[in-house]
Amino acid sequence: MKNSFNTMCKLPLIKWFGAVALGFSFQLGAAAQELSDWPKVQASGVLTVAVYNYLAPYSHEGKGIDVDIAKALAAKLGLGLRVRAFTEDEEFSDDIRNMVTRGHYLAGAPADILMHAPVDAYIMQKEDQALFFSPYTRDDIFVARNIKKLPTLDSLKPFSETGNKIGAEAAALPSIMLAGADGAAYANNLVNFKTPKEAVDAMVNGELVAVMATRAELEWALHQHPDKKADYFVAKVPHNALPPKGWAVGMATKKSNKELAEKLTVAMNELKESGELEKIFSNYGVKYMRP
């Protein structure tokens, strides 16, 4: 009974303090809304950047190429960096909504920018509440192969032959293509793995003759085996089920954040011209490809 009485006595004070705090937060929110995109970020002193998990070497658990690029960009703008690592949702539209345009009830307000956003005409038209800008590299689907077992590879035909096992990340584009293309000719030799790196490790251990993934994923994974790297070759294998020229990768922000995008574009161009961007990629064993 005593505890109940004390609680009842405290309730009005709790409500009063809550009302004061709420009013104060509204004042802060209103003040923040008076600033446009770049002044608002500048006033905060921090650039908040969303990066994907499970996208090594670009980003995983707040580390990788995209994170290093974000650090360099923030430094050029005189800002600190806050990294928000997240796991992709079912659709890219969900990622844009949760990380760029609206935010998420669990993750909070939108980040200032999303790294590794495809700069593609169709996606840009579909996601019309977001601004896609400053492509900084190009992704493409390649094949890494054991050159002793497959000295040449001009098509995927060898993977229809018994014993030529090829690995891929489960549910990713290479796996989906290998499972169904050309009348499922390669399905029996397809071995799925949790990540491209696990597939490359299996190839190095002699379990596979090849792995299909993005060029960056393959180069980075082989970079972890410096003593075996010379035994493998990474190249594009043409197929009409794969994007012929890959896709450009850049950044995305809220459509209204035009000044912030302009500042970041200038900073990114400086990274490209100075060679700093290429160096970031090379630190992970990945060749830098201009978009």
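Whatever comes next refers back to the structure up there.
Remember, it's a predicted structure, so these values are computed and weren't measured experimentally.

Colleague: Please provide a residue-by-residue account of the sheet that holds strand β7 (residues 190-193), values included.
Modeller: Here five strands make up an open sheet; going across it, the order is β7-β6-β8-β5-β9 and the pairing mixed. Looking at strand neighbours, the two that pair on one side only are β7 and β9 (232-235), the edges of this open sheet. Here the strands of the sheet are splayed against their neighbours by 25° on average, with no regard to which way each runs. Pairing of strand β6 (residues 166-169) with strand β8 (residues 210-214), which is carried by two bridges, proceeds in the parallel orientation. Paired with Gly167 across the two strands is Val211, which belongs to β8. Along the sheet, helix α7 (residues 196-204) contacts β5 (141-146), β6, β7, β8 and β9; its crossing angle with β8, the most-contacted strand, is approximately 160°.

Colleague: So what about the packing of aromatic side chains? Which residues, and what values?
Modeller: Applying the stated criterion across every chain, the model contains four aromatic pairs. An angle of 40° between the planes, with centres 4.7 Å apart, marks the rings of Tyr52 and Phe86 as tilted. In this pair, Tyr52 sits in strand β1 (residues 46-52) while Phe86 sits in strand β2 (residues 80-86), placing the two residues 34 residues apart along the sequence. Ring plane angle 50° and centroid distance 5.2 Å describe the contact between Phe281 and Tyr288, whose orientation is recorded as tilted. Using a relative accessible area of 0% as the deciding quantity, one classes Phe281 as buried. Every member of this aromatic cluster is reached through a ring pair, and the members are Tyr58, Phe281 and Tyr288.

Colleague: I'd love a proper account of the packing of helix α2 (residues 37-44) against helix α9 (residues 258-274), names of residues and values included.
Modeller: Two quantities define a packed helix pair, namely the angle between the axes and the distance from one axis to the other. The contact between α2 and α9 brings their axes to 6 Å, and the two run at 70°. Taken together, the axes of α2 and α9 lie roughly perpendicular to each other. Of the residues in α9, those touching α2 at Asp37, Trp38, Pro39 and Val41 are Lys258, Glu259, Leu260 and Lys263. Its residues placed into classes, the contact of α2 with α9 shows four nonpolar, no polar and four charged.

Colleague: So what about unusual backbone geometry? Which residues, and what values?
Modeller: Omega for the peptide link from Ala56 to Pro57 comes to 10°, which places this bond in the cis form. Within the secondary structure, Pro57 sits in the loop between β1 and α3 (65-76). Residues other than glycine seldom take positive phi values, yet Glu61 does so here, at roughly 55°. One non-glycine residue, Ala171, lies in the positive phi region at around 70°. Relative to the elements of secondary structure, Ala171 occurs in the loop between β6 and α6 (173-184).

Colleague: A description of the sheet that holds strand β4 (residues 130-139) should follow, citing residues and the corresponding values.
Modeller: The mixed open sheet is built from five strands, whose spatial order is β2-β1-β3-β10-β4. The open sheet has two edge strands with one neighbour each: β2 and β4. Strand-to-strand, the axes of this sheet are offset by a mean angle of 30°, without reference to chain direction. Where β1 lies against strand β3 (residues 113-118), two bridges are found, and the strand directions are parallel. Bridge pairing in β3 places Ala50 opposite Leu114.

Colleague: An account of the packing of α3 against α9 is needed here, citing residue identities and associated values.
Modeller: It is at 9 Å that the axes of α3 and α9 come closest, and there the two elements cross at 115°. When the interaxial angle is binned, α3 and α9 end up roughly perpendicular. When the axes of α3 and α9 are compared, the crossing they make is right-handed. On α9, the residues touching Ile69, Ala72, Leu73 and Lys76 of α3 are Leu264, Ala267, Met268, Glu270 and Leu271. Per-class residue counts for the contact of α3 with α9 are seven nonpolar, no polar and two charged.

Reading the values: rules and limits
- Residues numbered from 1 in each chain as written.
- Predicted model: local features only at pLDDT ≥ 70, side-chain atom pairs only at ≥ 80, totals over all residues.
- Heavy atoms only, no water.
- Pairing = 2+ DSSP bridges.
- Helix = DSSP H or I, 4+ residues; strand = E, 2+ residues; numbered from the N terminus.
- Axes fitted to C-alpha atoms, helices over the stretch in contact; angles between N-to-C directions.
- Contact = heavy atoms within 4.5 Å.
- Phe/Tyr/Trp six-rings, centres within 6.5 Å; stacked < 30°, edge-to-face > 60°.
- Buried < 20%, exposed > 50% of the residue type's maximum accessible area, 1.4 Å probe, protein only.
- Parallel < 35°, antiparallel > 145°, perpendicular 65-115°, else oblique.
- Nonpolar A, V, L, I, M, F, W, Y, C, P; charged D, E, K, R; others polar.
- Left-handed = near helix turned anticlockwise from the far one by under 90°.

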